[in-house]
Amino acid sequence: MQFLKRSIACGLINEEHVGSVVTLNGWVHRHRDLGGLIFLDLRDQSGVVQLFFDPAKIDADMANQVRALRAEWVIAVQGTVAHRAKINDKLPTGRYEVLVTTLQVLNRAQPLPFQLEGEGTASDEMRLRYRYIDLRRAEMQQFLKMRHDVMMIMRNYFDEHGFCEVETPILTKCTPGGARNFLVPCRLQPGTFYALTESPQLYKQLLMAGGVEKYFQIARCFRDEALRANRQPEFTQIDIEMSFIDEKDIQSVCEGLIHKLWKKFLNVELALPLRRFTYDDVFARFGSDKPDMRFELEIKDISQLFAGTPIKFLASTLEQGGRIGCLHVTDKKFSRAELDHWTDYVTKELGAKGLVWIRWREDGSIDSPLAKLLPADFFQTAVQMLSGLRKTDTLFVIAGQYEEAWTTLGQLRLTLGKELNLIDTKRHELFWVTDFPLFEFDKEKSCWQARHHQFTAPQDGWEKLEMKDIKARAYDLVCNGEELGGGSIRIHSSEVQNKIFDLLGIDKQLAAEKFGFLFEAQNLGYPPEGGLAFGLDRLVMMLCGTDAIRNVIAFPKTQNGSCLMMQAPSAVDEALLKDLHLKSTFESKK
């Protein structure tokens, strides 16, 4: 049976439609039988409108049909738009209703596994299992619409600035030095594998070699790595690359886009150019390369305060080249139970060796596990180093090798900021972090690795420096403790590229096998160039004001990489494995 096709969406009904006959399609949102008069809210993607069924104006069969309607049934109705007797200011259509004369039930719905409205109506697992139902919720509809709007603004912005959108392959080559790849067996060439692209990095560099001077792409990327709360195995990034530019050129383009998005969706006028901080500066002050600057509580290096200390573990730390840092907390009187909680948090949750707290009693004496070992004039010495220190304050002290100790202090700082309500959530702190180390040492593998990736250009004078001192021409855009995007100027010389591979321990034969195409391009007219990639999911999450990245992804995975709705990943038939020349050695646990 052919159904009544809509003439207008539910959420678009307004004053100009009053007195007109309309046809609506949608889901039954609410159903109210007031003993003769029946009201129903009809919902589609555009919004909700009230329907009114007057038993005096419809036949008995239709009246019975209306009373049988239940939530989430799919229906079509036809009727006349009129003014509502009782206005609902919470709805855009709250001044109008449709006096229904014709009803078609297009599909019934069994009772839902969870309700669409109300807090705590469903667990996260249930929402993901029935994601198509979860997507009907108004909040989820708004998130997906905002994601669409963001992408449209980005596309238009880059088009206006002379960029060309180019799609790059998803099936690519497995290369060393990056994230762990998802592998795809190639049936046509037995024994060989594609890798799902972790990033279009190499392709966009080759586009620069191909003369596509301004490229962008809304790119799907895949990484087979351990997941965190806001990381998915497949994600979307806004990829940008430009030829004949330096850092300021691409940063300026990105700032213009971010300014546009913040103004459009948050009504925030960002001051441009954005501030710039070096990696060394932000790490020393905040213990992070993406600090949340919406609150103070900076890390203070108090190593000098303990010079010549009799406290053995502190003295040993300093002798071994380590440092002692602290967080100076004001306007908070901690109970002993709270201090024990923070000590447990640092040791058990953050994995540090310990936390020392220092405060003062009302009589001015030191209250601390180290009280007996601290000098009587400790406060007088400390106040010279910690501006504004008062005897009502508390110091949280951590000692260790610089990067480890400061990373722990940075994590503690962020948690204290949240727990003590120090963060001004109305502020938007956006800035660039620059001058990253080019390399970082992986203690587990006992080798040096590229901090960004092995195609990042080093800063001038790098040949004369030790690996630990070489700086990268890299930059990250940070907002409220989140990295919105990161990029770098790329290596465009095959000679420099080979030297970087040498420093990373990638032998020439392997480099030629995996990256021979890149060397060839660098020797055949390769321009100076650079780029940046924004994490679209994280960017939209921030603009939507939600703290869960899966809220802005239509069909996300769980933290173990599963799709609960599709029940993926799953086992496949032996016949398919045989066709691909594969055999599984995995033995499931009984």
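Structure first, text after, so check above.
Quick caveat, the model's predicted, so the values are computed rather than measured.

## Here's the deal with the sheet that holds strand E17 (residues 394–400)
In any sheet, the strands associate via hydrogen bonds between backbone groups, in a parallel or an antiparallel arrangement.
In step 1: If you trace the five strands from one edge of the open sheet to the other, you get E13-E14-E17-E15-E16, paired in antiparallel fashion. One side of each edge strand has no neighbouring strand; the edge strands of this open sheet are strand E13 (299–301) and strand E16 (366–367).
In step 2: Where strand E15 (residues 356–360) meets E16, two bridges bridge the pair, whose relative direction is antiparallel. Across the sheet, Trp360 pairs through a bridge with Ile366, a residue of E16.
In step 3: Together, E13, strand E14 (323–329) and E17 form the strand contacts of helix H11 (residues 402–419), whose direction differs from that of E14 by roughly 10 degrees.

## Digging into the sheet that holds strand E5 (residues 96–107)
In step 1: Here five strands make up a closed barrel; going around it, the order is E1-E2-E3-E5-E4 and the pairing mixed. Between one strand and the next, the sheet's axes are offset by a mean angle of 55 degrees, whatever the strand orientation.
In step 2: The pairing of strand E1 (residues 21–33) with strand E2 (residues 38–44) spans six bridges and is classified as antiparallel. Pairing of His31 across the sheet is with Leu40, part of E2.
In step 3: Sitting on the sheet, helix H1 (residues 60–67) touches E1, E2, strand E3 (47–53) and E5, and the angle it makes with E5 is about 85 degrees.

## Considering helix H8 (residues 312–319)
In step 1: Those residues of H8 not exposed but buried are Leu314, Ala315 and Thr317. Taken down its axis, H8 places every buried residue within 155 degrees of arc, on the same side. Residues Lys312 and Glu319 are exposed on H8 and point more than 90 degrees away from its buried face.
In step 2: Looking at the buried side of H8, the elements it contacts are E14 and E17.

## Some details on the packing of helix H9 (residues 336–349) against H11
In step 1: Across the interface, H9 lies against H11 with an axial gap of 11 Å and an inter-helix angle of 140 degrees. It follows that H9 is oblique to H11 by the angle criterion. Once H9 is placed against H11, the crossing between them reads as right-handed. Listed contacts from H11 to Trp342, Tyr345 and Val346 of H9 are Thr408, Gln411, Leu412, Thr415, Leu416 and Glu419.
In step 2: In the contact of H9 with H11, the residues fall into five nonpolar, three polar and one charged.

## Quick look at the nonpolar core
In step 1: Residues Phe158, Leu261, Trp262, Phe396, Leu412 and Phe534 are the most contacted members of the largest nonpolar core, which totals 99 residues.
In step 2: Excluding anything up to four places from it in sequence, Trp262 contacts Asn267, Val268, Leu270, His428, Leu430, Cys479, Leu484, Leu539, Met542 and Leu543.
In step 3: Among the nonpolar cores identified, the runner-up in size contains 25 residues, and Leu24, Met62, Val81 and Leu103 belong to it.

## Notes on the packing of aromatic side chains
In step 1: Tallied over the full model, the rule gives 21 aromatic pairs.
In step 2: With centroids separated by 5.7 Å and ring planes inclined at 15 degrees, the aromatic side chains of Tyr279 and Phe283 adopt a geometry described as stacked. Highlighted residues: Tyr279 and Phe283, both in helix H7 (residues 279–286), separated by four residues, approximately one helical turn.
In step 3: The exposure class of Phe283 is buried, given its relative accessible area of 7%.
In step 4: Centroid distance Trp342 to Tyr345: 5.8 Å. Interplanar angle 90 degrees. Geometry classified as edge-to-face.

## Regarding the packing of helix H5 (residues 201–209) against helix H13 (residues 508–522)
In step 1: Contact geometry of H5 with H13 gives a least axis separation of 10 Å together with a crossing angle of 25 degrees. Regarding the angle of H5 to H13, the classification is roughly parallel. The two elements H5 and H13 meet at a crossing, and its hand is left-handed. Facing Leu202, Gln205, Leu206 and Ala209 of H5, the residues of H13 in contact are Phe515, Phe517, Leu518 and Ala521.
In step 2: Of the residues contributing to the contact of H5 with H13, the split by class is seven nonpolar, one polar and no charged.

## Side note on the pairing of strand E21 (residues 474–479)
In step 1: Taking burial as the measure, the six residues of E21 include six buried ones, the bulk of the element.
In step 2: Across the two faces of E21 the burial is the same, with Ala474, Asp476 and Val478 and Tyr475, Leu477 and Cys479 all buried.
In step 3: Taken together, the five bridges between strand E18 (residues 430–434) and E21 define a ladder with antiparallel strand orientation. What sits directly across from Phe431, in E21, is Val478.

Basis of the calculations
Residues numbered from 1 in each chain as written. Predicted model: local features only at pLDDT ≥ 70, side-chain atom pairs only at ≥ 80, totals over all residues. Heavy atoms only, no water. Pairing = 2+ DSSP bridges. Helix = DSSP H or I, 4+ residues; strand = E, 2+ residues; numbered from the N terminus. Contact = heavy atoms within 4.5 Å. Axes fitted to C-alpha atoms, helices over the stretch in contact; angles between N-to-C directions. Buried < 20%, exposed > 50% of the residue type's maximum accessible area, 1.4 Å probe, protein only. Arc of directions from axis to C-beta. Parallel < 35°, antiparallel > 145°, perpendicular 65-115°, else oblique. Left-handed = near helix turned anticlockwise from the far one by under 90°. Nonpolar A, V, L, I, M, F, W, Y, C, P; charged D, E, K, R; others polar. Core = buried A, V, L, I, M, F, W, Y, C linked by side-chain atoms within 4.5 Å. Phe/Tyr/Trp six-rings, centres within 6.5 Å; stacked < 30°, edge-to-face > 60°.

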